[in-house]
Amino acid sequence: MRAEFSFTTAAYRQTLLVFIAVLTAAGIVFGVLASRTLTLDQQDNLASDLARYALTAEAGQLADVKDTLRDRAMLHGKWLLAVWLLGVTVIGAPFVLVLDFLKGVLIGFSLGVLVQAYGWKGMLFALAAMVPGNLLVLPALLFASVSSVAFALHVFRYRLVQPSGSLREPLLAHTSAALILLAVMTGGAFIEAYVAPNLIGWAAPLLAS
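Notes on the structure in this doc start here. (Residues numbered from 1 in each chain as written. Predicted model: local features only at pLDDT ≥ 70, side-chain atom pairs only at ≥ 80, totals over all residues. Heavy atoms only, no water.)

So, helix α1 (residues 10-35)
For α1, spanning 26 residues, the distance from its first C-alpha to its last is 37 Å, which sits close to the expected 38 Å at 1.5 Å a residue. Along α1, the residues that are buried comprise Leu-16, Ile-20, Thr-24, Gly-27, Gly-31 and Ser-35. (Helix = DSSP H or I, 4+ residues; strand = E, 2+ residues; numbered from the N terminus. Expected span 1.5 Å × (residues − 1). Buried < 20%, exposed > 50% of the residue type's maximum accessible area, 1.4 Å probe, protein only.)

Structure below.
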């Protein structure tokens with residue numbers, strides 16, 4: 001009798017999603033705390049770089065939207081591919097959690113640097129620069145991670161511990177989820193290329209002043 005793909009149950013995936021979301025949130029907190037370990041010289045250098053970027057954004061001289069779209073879409077695609085492959089390899093599944101934590105650290109560190117350098121103005125700039133694209137990209141990454149970890153656990157249980165059933169159906173489900181989430185991440189890249197620059201241009205005077 002063919003083994004059921006029990007890891008696709010809603011309750012199990014919800015548990016994984018909560019765990020991964022908490023792990024990513026912990027990464028954000030760690031990133032914010034890590035930003036506070038910078039020396040005064042490092043803080044001044046970063047603040048100067050941010051001010052120059054703000055002046056460039058205020059002048060409307062950011063990168064071409066097509067180049068931005070291509071770069072962001074490729075970046076998200078590579079990140080998603082890494083998550084998919086790590087799940088397929090099974091032994092790489094723990095590194096999916098590492099990637100999620102690292103994603104949180106990157107977000108938290110950027111937020112911490114902006115707030116530490118510019119206070120509430122930095123918070124507004126961070127909301128304009130980071131939130132729009134991540135409204136799609138971050139949830140897509142979390143769901144891709146859930147699919148990857150669930151697939152790896154399924155393979156471990158039904159192929160390594162108790163060999164039974166076929167991997168065709170779960171692999172197809174895992175791959176289909178990745179393709180759907182790739183489309184979602186591409187939508188996030190569109191937002192980062194076409195919407196975020198306008199918001200950044202609006203918030204740039206806060207940093208340039």
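As for the packing of aromatic side chains
Within the structure shown, the criterion is met by two aromatic pairs. Look at Phe-30 and Phe-101: their rings are 5.8 Å apart centre to centre, the planes differ by 45°, and that puts the pair in the tilted class. In this pair, Phe-30 sits in helix α1 while Phe-101 sits in helix α4 (residues 93-118), placing the two residues 71 residues apart along the sequence. Under the relative-accessibility criterion, Phe-30 is labelled partly exposed at 47%. Residue class for Phe-101 comes out partly exposed when judged on its relative accessible area of 28%. When the centroid spacing of 6.0 Å and the interplanar angle of 15° are considered together, the rings of Phe-190 and Tyr-194 count as stacked. With a gap of four residues between them, Phe-190 and Tyr-194 both fall in helix α6 (residues 168-208), about one helical turn apart. Relative accessible area serves as the criterion here: at 42%, Phe-190 is assigned to the partly exposed category. Overall, Tyr-194 belongs to the partly exposed group, its relative accessible area being 39%. (Phe/Tyr/Trp six-rings, centres within 6.5 Å; stacked < 30°, edge-to-face > 60°.)

Digging into the pattern of salt bridges
If you walk through the whole model with that rule in mind, you get three salt bridges. In this structure, the salt-bridge partner of Asp-71 is Arg-70, at a minimum N-O distance of 3.7 Å. One salt bridge connects Arg-72 with Glu-192, and the closest N-O pair in it is separated by 3.0 Å. In this pair, Arg-72 sits in helix α3 (residues 65-89) while Glu-192 sits in helix α6, placing the two residues 120 residues apart along the sequence. (Salt bridge = Lys/Arg side-chain N within 4 Å of Asp/Glu carboxyl O.)

Thoughts on unusual backbone geometry
The phi angle at Val-90 is positive, at roughly 70°, despite the residue not being glycine. Secondary-structure assignment places Val-90 in the loop between α3 and α4. The buried category is assigned to Val-90, whose relative accessible area is 17%.

Comments concerning the packing of α1 against α4
One can describe the packing of α1 onto α4 by two numbers: an axis separation of 6 Å at closest approach and a directional angle of 40°. When the interaxial angle is binned, α1 and α4 end up oblique. Crossing of α1 against α4: the hand is right-handed. When α1 is examined against α4, the residues Phe-19, Ile-20, Leu-23, Thr-24, Ala-26, Gly-27, Ile-28, Phe-30, Gly-31, Val-32, Ala-34 and Ser-35 are found in contact with a partner set consisting of Leu-97, Asp-100, Phe-101, Gly-104, Val-105, Ile-107, Gly-108, Phe-109, Gly-112, Val-113 and Gln-116. Its residues assigned to classes, the contact of α1 with α4 shows 14 nonpolar, eight polar and one charged. (Axes fitted to C-alpha atoms, helices over the stretch in contact; angles between N-to-C directions. Parallel < 35°, antiparallel > 145°, perpendicular 65-115°, else oblique. Left-handed = near helix turned anticlockwise from the far one by under 90°. Contact = heavy atoms within 4.5 Å. Nonpolar A, V, L, I, M, F, W, Y, C, P; charged D, E, K, R; others polar.)

Points about the packing of α3 against α4
What describes two packed helices is the angle between their axes and the distance between those same axes. Running from N to C, α3 and α4 point in directions that differ by 155°, and their axes come no closer than 7 Å. Classified by the interaxial angle, the pair formed by α3 and α4 is roughly antiparallel. In this structure, α3 meets α4 at a crossing whose hand is left-handed. Residue-level contacts link Trp-79, Ala-82, Val-83, Leu-86 and Gly-87 of α3 to Ala-93, Phe-95, Val-96, Leu-99, Lys-103 and Leu-106 of α4.

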